[in-house]
Amino acid sequence: MNKQQVSIIGVPTDYGQTRRGVDMGPSAIRYAGVVERLEAIGHEVHDQGDILVSQKHDSKEIDKQLLNLEEVIDISTTLANQVHEVLEQKKFPLVFGGDHSIAIGTLAGLGEHFQNLGVIWFDAHADLNTPETTPSGNIHGMPLAVSIGLGHERLVKIRNYAPKVKPENVIIIGARSVDPGERELIRQQGIKVYTMHEIDRLGMTRVMEDAIAYLQERKVDGLHLSLDLDGLDPLYTPGVGTPVPGGISYRESHLAMEMLQESGMLTSAEFVEVNPILDEKNKTADVAVALIGSLFGETLV
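Described below are features of the structure shown in this document.

Calculation notes
- Residues numbered from 1 in each chain as written.
- Predicted model: local features only at pLDDT ≥ 70, side-chain atom pairs only at ≥ 80, totals over all residues.
- Heavy atoms only, no water.
- Axes fitted to C-alpha atoms, helices over the stretch in contact; angles between N-to-C directions.
- Helix = DSSP H or I, 4+ residues; strand = E, 2+ residues; numbered from the N terminus.
- Parallel < 35°, antiparallel > 145°, perpendicular 65-115°, else oblique.
- Left-handed = near helix turned anticlockwise from the far one by under 90°.
- Contact = heavy atoms within 4.5 Å.
- Nonpolar A, V, L, I, M, F, W, Y, C, P; charged D, E, K, R; others polar.
- Core = buried A, V, L, I, M, F, W, Y, C linked by side-chain atoms within 4.5 Å.
- Buried < 20%, exposed > 50% of the residue type's maximum accessible area, 1.4 Å probe, protein only.
- Pairing = 2+ DSSP bridges.
- 1 Å grid on protein atoms, 1.4 Å probe; cavity = no way out; pocket = protein on both sides within 12 Å on 5 of 7 lines; lining within 4 Å.
- Points joined across faces, edges and corners; volume = space filled by probe spheres on them.
- Phe/Tyr/Trp six-rings, centres within 6.5 Å; stacked < 30°, edge-to-face > 60°.
- Lys NZ or Arg CZ within 6 Å of the ring centre and 35° of its normal.
- Arc of directions from axis to C-beta.

**Here's the deal with the packing of helix α2 (residues 34–41) against helix α11 (residues 283–295)**
The relative placement of two packed helices is expressed as an angle between their axes plus a distance between the axes.
Alright, step 1. Contact geometry of α2 with α11 gives a least axis separation of 10 Å together with a crossing angle of 20 degrees. The pairing of α2 with α11 is recorded here as roughly parallel in orientation. For the crossing formed where α2 meets α11, the hand is right-handed. Seen from α2, the contacting residues are Val34, Arg37, Leu38 and Ile41; seen from α11, they are Val289, Ala290, Ile292 and Gly293.
Alright, step 2. Tallied by class, the residues present in the contact of α2 with α11 amount to 6 nonpolar, 1 polar and 1 charged.

Take a look at the structure:
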């Protein structure tokens, strides 16, 4: 396995949703020993700390379809610039959330470096809502839509280009809570989705083999993993804001990470939605770190 220079970026924000506590996710993941785990595998780790997240803007007008829009734009822009710089230095960006709205910034920082970026979205949700379809106004339900060029113009145009990824280069794995507007968008845009039905029926090995082969056929020149801890069943990851029963098992998740590592395609990753306030003895952060170990080549023998 190739040893890598890994740059960790923490994004302590909860502006993409309404349940407090997920801003402590980066600290929880660090506390669970992620740096030591990566170094034990043999990687060189550069922890860049957390980006600065300002206090809430004093806005007189509140758009109920885009809650905390100004804050999310600020954070996404800062993160995008930092991810861009990490890639300029030929390092592997490893981003810790924070809620899943941070993917807007991560993908905005990645897209300029790849002509044909692929994305694996490991999540119980599709995160393909727009201001027109959102049932909540929470932007953490919109980052994938924004990244394929749909949504509020200022979010879509961070770093002045769009889309960040082609919809046909996106694969969602683990979906089991998809809103009606998202279902229509998946059909319209040709986004590949493996729901829990497919995972149960085919098995994770087949799902990952098919996903990797599909992206290879698409000739992607980079691969980003965006992993929401609610993709796993809440039995394993209780500390998430929007748990959905019937999710991916702990072992299936490790297998998926191991197969991604073996593919040699991965060029960046983010782990999001760890909420220590809702967690049990940092269990969810521990799972995140274990999955990161598998993703970066940790083996039993």
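Back to the text.
**What about the nonpolar core?**
Alright, step 1. Leu94, Ile173, Leu225 and Phe271 are the most contacted members of the largest nonpolar core, which totals 51 residues.
Alright, step 2. Ignoring any residue separated from it by four or fewer positions in sequence, one finds phenylalanine 271 in contact with Ile29, Leu94, Val95, Phe96, Gly97, Leu225, Leu227, Leu229, Ala288, Leu291, Ile292 and Leu295.
Alright, step 3. Formed by 45 residues, the second largest nonpolar core is a distinct cluster that contains Val11, Val86, Ala126 and Leu128.

**As for the sheet that holds strand β8 (residues 266–272)**
Alright, step 1. Read from one edge of the open sheet, 8 strands run β2-β1-β3-β8-β7-β4-β5-β6, paired in parallel fashion. Whereas interior strands pair on both sides, the edge strands pair on one side only; in this sheet they are β2 (44–50) and β6 (192–195). In this sheet, adjacent strand axes meet at a mean angle of 15 degrees when their direction is disregarded.
Alright, step 2. The sheet contact formed by strand β5 (residues 170–175) and β6 spans 4 bridges and is parallel. Following the sheet pairing, isoleucine 173 is matched in β6 by tyrosine 194.

**Quick notes on empty space enclosed by the protein**
Alright, step 1. Counted according to the given criterion, the structure contains 1 cavity of 30 Å³ or more.
Alright, step 2. Of the voids in this model, the largest cavity is the one considered here, and its volume is about 30 Å³.
Alright, step 3. Every residue lining the largest cavity is listed: Thr13, Val72, Ile75, Ser76, Ser101 and Ile102.
Alright, step 4. By residue number, the principal contributor to the lining of the largest cavity is helix α3 (residues 69–88), which donates 3 residues.
Alright, step 5. When its residues are assigned to classes, the lining of the largest cavity shows 3 nonpolar, 3 polar and no charged.

**Looking at the packing of aromatic side chains**
Alright, step 1. Under the counting rule described, the total for this entry stands at 2 aromatic pairs.
Alright, step 2. Ring geometry for phenylalanine 92 versus phenylalanine 296: centroids 5.0 Å apart, planes at 70 degrees, classification edge-to-face. Linking phenylalanine 92 in strand β3 (residues 92–97) with phenylalanine 296 in the segment after α11, this pair joins segments that are 204 residues apart in sequence.
Alright, step 3. We classify phenylalanine 296 as buried; its relative accessible area is 2%.
Alright, step 4. Geometry around tyrosine 161 places lysine 164 over its ring, the cationic atom sitting 4.5 Å from the centre.
Alright, step 5. Sitting over the face of the ring of tyrosine 214, lysine 192 holds its NZ or CZ atom 5.0 Å from the ring centroid.

**Brief notes about α2**
Alright, step 1. Among all positions of α2, only Val34, Val35, Leu38 and Ile41 are buried. Looking straight down α2, one finds its buried side chains confined to an arc of 125 degrees; they lie on one side. Opposite the buried face of α2, by more than 90 degrees, sit the exposed residues Glu36 and Ala40.
Alright, step 2. Contact partners of the buried residues in α2: β1 (5–11), α1 (25–31), β2, β3 and α11.
Alright, step 3. Just downstream of α2, glycine 42 is the residue with a positive phi angle, here 120 degrees.

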